[in-house]
Amino acid sequence: MRQSALKKMAMAMAAAGKTMTTPLARRVLLFLSCLFCAARAVSAAAVTSSATATTIEMHGSGTTNPSKFFWKVMDVLEERARTPVRMTYRAVGSGTGQTEFKADVSDFGSGDIPLNQGDHTSFGGNVVQVPFQLGAVSFFHNVPADDLGVGGRLNLTACALAKIFKRTITTWDHADIAAENPNLSVPSNQPITIIHRSDGSSSTYGITSYLSEACPADWTGGAKKTPDDFGVDATGTYALPRQGSGNVANEIAANQYSIGYIDAGHGHELGFQEISLTNKHGQKLTSKEADIPKALTAFSGGLPDIDGDWSEVSLINLDGEDVWPITAISYIYVKTNLTGEVGGLVKSFVLYCLSDEGQDMLPDFLFFPLSDATKNSMREQVNAKLSTTAW
């Protein structure tokens, strides 16, 4: 009961005391007095409880791709928690997420690439990497539909893409592009604007892994999270590095005749035109036409335990019909020596992401769940290898 209401009750009782003189009136006044005292006690208890309640906080950072899914999961857990909790996740990119996780800036990290072998070893066995979703990275373009001709499709080989992002191919009417797209009709010598991430990014790692695997003769720099090997433009007009996938998407939308790469679901959500790639099976297809989860089936190496080294697990350019060549596993990184209330909250968060309810949410965010067998294995391992008690 509010203090103002108690005050009004007390004033009314005082006024009534001056006029209530019969035995019945005095009994009524006594009842009101008892009620007043009870209300004061309840109010005081509520104030004490509010003052002593502790809010448990959990903070994570990392890849942009699952951020909306994570925020939804956090909303659900905050609503269901019996103790006040505050949970946050900053979408800063896989590279920054790994750096902050290793530096104890965050309680958990997330990335679309595993920790490398050296980083994994440095934790001395006190870290797990938990896969929880599958996604696709793809290339998108802003060539006007009228220029694409019949079918409205743009096909690019891995070698053509390597040359475009190296800027050895700089115009859309280049012979290598025309060979794959006989119906393409663009203005003569129309420049290509490349847009790429400027920060450490799992998307960059994904596309450079693909270019390195599918066209090593033209992409010689190997797989990298950083933009070191992309071509530059001295005028700053036709090569635009941007921080974060949102800014890359904004530039693709703003620059006609541009090309860039982002998470495929993000590109589809924005209505971007996707480039058709050639997978190892020889199919020309877009990520919408591919069977994204099939890449995990195509991986023949066997999955390690969550406390093992995942650096050799790659779903890039695998063979198989309908397999997408740039498929990524998203991981949650957790230290096994994180204890107490925060440790329990992190464990609950990971388990919810792996729950049937959590996995069923993923298609709403344009990502793909794990197979039942993989999901069940991950849950069993999280329960066994994170010793804290989940909420």
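Look up a bit, the structure's there.
Residues numbered from 1 in each chain as written. Predicted model: local features only at pLDDT ≥ 70, side-chain atom pairs only at ≥ 80, totals over all residues. Heavy atoms only, no water.

Quick word on the nonpolar core
Phe139, Phe165 and Ile259 are the most contacted members of the largest nonpolar core, which has 39 residues in total. Where this core is concerned, the elements lending two or more residues are strand S4 (127-141), helix H7 (158-166), helix H9 (202-214) and strand S7 (258-263). A per-element tally of this core places H7 first, with six residues. Core analysis: the second largest hydrophobic core is formed by 33 residues, Ile56, Val130, Val346 and Val382 among them. (Core = buried A, V, L, I, M, F, W, Y, C linked by side-chain atoms within 4.5 Å. Buried < 20%, exposed > 50% of the residue type's maximum accessible area, 1.4 Å probe, protein only. Helix = DSSP H or I, 4+ residues; strand = E, 2+ residues; numbered from the N terminus.)

Considering the side chain of Asp119
Counting through the fold element by element, Asp119 comes out in helix H5 (residues 117-122). At 2.9 Å, the side chain of Asp119 and the side chain of Lys102 are in polar contact. (Polar contact = N/O pair within 3.5 Å; in protein donor to acceptor, adjacent residues only side chain to side chain.)

Some thoughts on helix H3 (residues 67-80)
The end-to-end C-alpha distance of H3, which contains 14 residues, comes to 20 Å, matching closely the 20 Å that a straight helix rising 1.5 Å per residue would cover. The set of residues buried in H3 consists of Ser67, Phe69, Phe70, Val73, Met74, Val76 and Leu77. (Expected span 1.5 Å × (residues − 1).)

Regarding the pattern of salt bridges
A full pass over the atoms with the stated rule returns 17 salt bridges. The salt bridge partner of Arg80 is Glu357, with a shortest N-O separation of 2.8 Å. Placement of Arg80 in helix H3 and of Glu357 in helix H14 (residues 356-361) is noted, with a sequence separation of 277 residues between them. Among the salt bridges present, the one from Arg153 reaches Glu289, with a minimum N-O distance of 2.8 Å. Separated by 136 residues along the polypeptide, Arg153 in the loop between helix H6 (145-148) and H7 and Glu289 in the loop between strand S10 (284-285) and helix H12 (294-298) bring together distant segments of the chain. For Arg153, a relative accessible area of 32% translates into the label partly exposed. When salt bridges that share partners are traced, they join Asp356, Asp372, Lys375 and Arg379 into one network. (Salt bridge = Lys/Arg side-chain N within 4 Å of Asp/Glu carboxyl O.)

Observations regarding the pairing of S4
Taken across its 15 residues, S4 has 15 buried, putting it largely inside the fold. Bridge analysis of S4 against strand S11 (residues 327-335) gives nine bridges, and the strand direction is antiparallel. Each bridged residue has a counterpart across the sheet, and for Ala136 the counterpart in S11 is Thr327. Pairing of S4 with S7 involves five bridges; the strand directions are antiparallel. Its bridge partner lying in S7, Val137 is registered against Asp263. Two strands pair when backbone bridges link them, and S4 and strand S8 (residues 273-274) are joined in this way by two bridges, in the antiparallel orientation. Each bridged residue has a counterpart across the sheet, and for Phe140 the counterpart in S8 is Glu274. (Pairing = 2+ DSSP bridges.)

Section: the packing of aromatic side chains
Following the criterion strictly, the structure yields 19 aromatic pairs and no others. Joined through ring pairs, the aromatic side chains of Phe69, Phe70, Tyr89, Phe108, Phe132, Phe349 and Phe365 make up one cluster. When the ring centre of Trp219 is taken as origin, the NZ or CZ atom of Lys166, which lies over that ring, is 4.9 Å away. Over the ring of Phe101 we find Lys335; its NZ or CZ atom is 3.7 Å from the centre of that ring. (Phe/Tyr/Trp six-rings, centres within 6.5 Å; stacked < 30°, edge-to-face > 60°. Lys NZ or Arg CZ within 6 Å of the ring centre and 35° of its normal.)

So, unusual backbone geometry
Of note in this structure, Arg167 is not a glycine but carries a positive phi near 65°. Residue placement: Arg167 occurs in the loop between H7 and helix H8 (175-180). The phi dihedral of Leu366 is positive, around 65°, even though this residue is not glycine. In this fold, Leu366 is placed in the loop between H14 and helix H15 (372-385).

Here we look at the state of the cysteines
Going through the model one piece at a time under the given rule, you end up with one disulfide. The disulfide partner of Cys159 is Cys215, and the S-S distance across this bridge is 2.0 Å. Across the S-S bond of Cys159 and Cys215 the torsion is about 105°, and the bridge reads as right-handed. Of this pair, Cys159 sits in helix H7 while Cys215 is found in the loop between H9 and strand S6 (239-242), placing the two residues 56 residues apart along the sequence. Look at Cys159 and you get partly exposed, because its relative accessible area is 27%. Here Cys215 falls in the buried class, since its relative accessible area comes to 3%. (Disulfide = S-S within 2.5 Å.)

Thoughts on the packing of H3 against helix H13 (residues 340-354)
Contact geometry of H3 with H13 gives a least axis separation of 10 Å together with a crossing angle of 115°. The element H3 and its partner H13 pack so that their crossing is right-handed. Residues Phe69, Phe70, Val73, Met74, Val76, Leu77 and Arg80 of H3 touch H13, and the partners they reach there are Ser348, Phe349, Tyr352 and Cys353. Residue composition of the contact of H3 with H13, grouped by class: nine nonpolar, one polar and one charged. (Axes fitted to C-alpha atoms, helices over the stretch in contact; angles between N-to-C directions. Left-handed = near helix turned anticlockwise from the far one by under 90°. Contact = heavy atoms within 4.5 Å. Nonpolar A, V, L, I, M, F, W, Y, C, P; charged D, E, K, R; others polar.)

What about the packing of H13 against H15?
Packed helix pairs are characterised by how far apart their axes lie and by the angle those axes make with each other. Direction vectors running N to C along H13 and H15 enclose 165°, while the axes themselves pass 9 Å from each other. What the angle tells us is that H13 and H15 run roughly antiparallel. H15 is crossed by H13, and the crossing has left-handed handedness. Every residue of H15 that contacts H13 at Lys347, Val350, Leu351 and Leu354 is listed here: Lys375, Met378, Arg379, Val382 and Asn383. Among the residues forming the contact of H13 with H15, the class breakdown is five nonpolar, one polar and three charged. (Parallel < 35°, antiparallel > 145°, perpendicular 65-115°, else oblique.)

Keep in mind that these numbers describe shape and distance, not what the molecule does.
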